[in-house]
Amino acid sequence: MSPSSYEHELIVLNPATEEVVATVPAATAADVDAAVARAAKAQAKWAALAPADRARLLRRFADVVDQHVEELARLEVREAGHLLGNARWEAGNVRDLLAYAAGGVERLSGRQIPVPGGLDVTILEPLGVVGVIAPWNFPMPIAAWGTAPALAAGNAVVLKPAETTPLTALRLAELALEAGLPDGLFQVLPGHGPVAGTALVEHPGVAKIVFTGSTGTGRAVMEGCARQVKPVTLELGGKSPNIVFADADLRTAVDPFSFLDNSGQDCCARTRILVQEPVYDEVRELLADAVNAVVVGDPADEKTQMGPLISRRQLERVRALVPADAPGLRGSAPDGPGFWFAPTVLTGEAPDSEAAREEIFGPVAVLLPFTDEEDAIRLANDTPYGLSGSLWTRDLGRALRVSRAVKAGNLSVNSHSSVRYWTPFGGYKQSGLGRELGPDALTAFTETKNVFISTEGPAQ
Ligand code: NDP
């Protein structure tokens, strides 16, 4: 498709009802040009501010977000179908990320390296204008993962949200202005990926791209960046294992929300449940009961445990990978309008089947048996992805051996947690490139300049 054949407006639908929530103009390449020029001007002034002043403004931004958590959460329920409780957490996560990044502004320092004949120092300089391309599965937090540390390190940000979920990002940009951030420093340009996203990637005035989304699009983004030798951070797909050894606390280990949270539209979802043979039948029964008990429905109702998928397109994608007659355990989902798919655990898949290897991004896991530790590690690593994973055992030595052997960026032992804003996050293999979050998040948005100052005086 040529850029001119894309719709000029984005129609945002409520995924639970299919009602139109809003229409938003779609940014063109010319809009990206104008935004980058404004951002560059704002960035020069921002970088020249005293660190304490930049930090104060970011803390103020965090405070304003805090005052609007409920409003942002309710908007996210309407545009993305997220559960209200989850959406409140997501808005709070933006606030916390901003506050955490603000704490790094005055701590972002270079080094002094011993060199004879003078003083050698490194200076961490901002990159300039950073482009953030965000997905629809966690529109607010993922936008903030790139934006908050980039701003804290002295950069400007142009953010392109996913076309299905632009509304909370647009509201965050308004809140930034309300907090006193300079005009043009943080801009949100909703638009189509191949138009606005590509324009951002290809723009010579954009110094770095932070992309979260599918591995296929990530590869295209990386190719675009390569043409300008532009740095890129990629957070891509996953097919993460949940490795359950026979000595594990099975009831906690087989928590269905480890793959059903956000209707399974989570790059860290534990969608391959690997179970040691002696407890396979017991786990299967536990999962059958658990999946059946999940309350699927209106995401604004606080009793609901799982909402809809984001779009008809995503529903069709999930249906194509998970035929209705595939052997498995199934819960229920509403009929009628909305993009519903019942919680599902596939039980008849071979480890090399499409459903067992491809990221489905819906409320679907596959259940696979393994024999021993070696077999578990082999199965866990038998995927092009390496984002996260859980392992469950009471044997500490085995927990450490398996943690070291599984090739993934984020593992949890006897827990399903994986993402905290103050610990590093990112993938091995085709799950991505680079790390976000954690103590080094700001450094990823700087260039290191080395300066040597001679103490010998000018040459005679
Ligand atoms: P994409 O990777 O295509 O979309 C992610 C973001 O990239 C969106 O903002 C999108 O814009 C933008 N984009 C699309 N094409 C380009 C391009 N050529 N250049 C620059 N930016 C572009 O994901 P999909 O929405 O198509 O989802 C497909 C699958 O991707 C899912 O089923 C899931 O498997 C995976 N996915 C993984 C995510 C993760 O967190 N790792 C998040 C989302 C999806 P637009 O919205 O306009 O398409």
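If you're wondering where the values come from, they're calculated on a predicted model, not measured in any experiment. (Residues numbered from 1 in each chain as written. Predicted model: local features only at pLDDT ≥ 70, side-chain atom pairs only at ≥ 80, totals over all residues. Heavy atoms only, no water.)

**Student:** Would you explain the nonpolar core in this entry?
**Tutor:** A general trend in soluble globular proteins is that nonpolar side chains are found buried together. Membership of the largest hydrophobic core comes to 80 residues, with the highest contact counts inside it found for Phe 61, Leu 159, Phe 186 and Ile 209. Element by element, the count of residues in this core is highest for helix H5 (residues 139–152), at 9 residues. Each of domain 1 (3–236 + 431–450) and domain 2 (241–413) accounts for three or more of the residues forming this core. With residues up to four places along the chain from it excluded, the contact list for Phe 61 reads Leu 98, Leu 172, Leu 175, Ala 176, Ala 179, Leu 181 and Phe 186. Core analysis: the next-biggest nonpolar cluster, separate from the first, contains 28 residues, Leu 309, Val 366, Leu 379 and Leu 391 among them. (Core = buried A, V, L, I, M, F, W, Y, C linked by side-chain atoms within 4.5 Å. Buried < 20%, exposed > 50% of the residue type's maximum accessible area, 1.4 Å probe, protein only. Helix = DSSP H or I, 4+ residues; strand = E, 2+ residues; numbered from the N terminus. Domains from an automatic or database assignment. Contact = heavy atoms within 4.5 Å.)

**Student:** Which parts of the structure should I look at to understand the domain arrangement of the protein?
**Tutor:** It is common to report an interface's size as the accessible area lost on association of the parts. Here the protein is partitioned into domain 1 (3–236 + 431–450) and domain 2 (241–413). The distance between the C-alpha centroids of domain 1 and domain 2 comes to 30 Å. If you look at the interface, domain 1 gives 24 residues, while domain 2 gives 28 residues. The three residues of domain 1 that bury the most area against domain 2 are Leu 83, Trp 136 and Ser 431, which together make up 27% of that side's buried surface. Between the two partners, domain 1 and domain 2, sit 2 salt bridges. (Buried area = accessible area lost by both parts, 1.4 Å probe. Salt bridge = Lys/Arg side-chain N within 4 Å of Asp/Glu carboxyl O.)

**Student:** Help me understand a negative patch on the surface in this model?
**Tutor:** A surface patch of like charges, here negative, comprises Asp 281, Glu 282, Glu 285 and Asp 289. Tracing the backbone shows Asp 281 in helix H11 (residues 280–293). (Patch = residues over 30% accessible without salt bridge, like charges linked within 9 Å, V, L, I, M, F, W, Y side chains within 5 Å. Areas by Shrake-Rupley, 256 points an atom, 1.4 Å probe, with all protein chains shown as cover. Lys, Arg positive; Asp, Glu negative; His and termini not counted. Charge placed at Lys NZ, Arg CZ, Asp CG, Glu CD.)

**Student:** Would you mind going over the site of the ligand with me for this structure?
**Tutor:** Contacts to the ligand come from 30 residues, most closely from Ala 134, Trp 136, Glu 163, Leu 236 and Glu 359. Interatomic distance of 2.7 Å between a side-chain N/O atom of Trp 136 and an oxygen atom of the ligand. Burial of the ligand by the surrounding chains reaches 90%, relative to a free accessible area of 860 Å². Only helix H7 (193–202), strand S8 (206–212), helix H8 (215–227) and helix H12 (312–321) provide two or more residues apiece to the shell around the ligand. For the shell around the ligand, the element with the most residues is H7, which contributes 4 residues. For the shell around the ligand, a count of residues per class yields 12 nonpolar, 12 polar and 6 charged. (Near = heavy atom within 4 Å. Polar contact = N/O pair within 3.5 Å; in protein donor to acceptor, adjacent residues only side chain to side chain. Nonpolar A, V, L, I, M, F, W, Y, C, P; charged D, E, K, R; others polar.)

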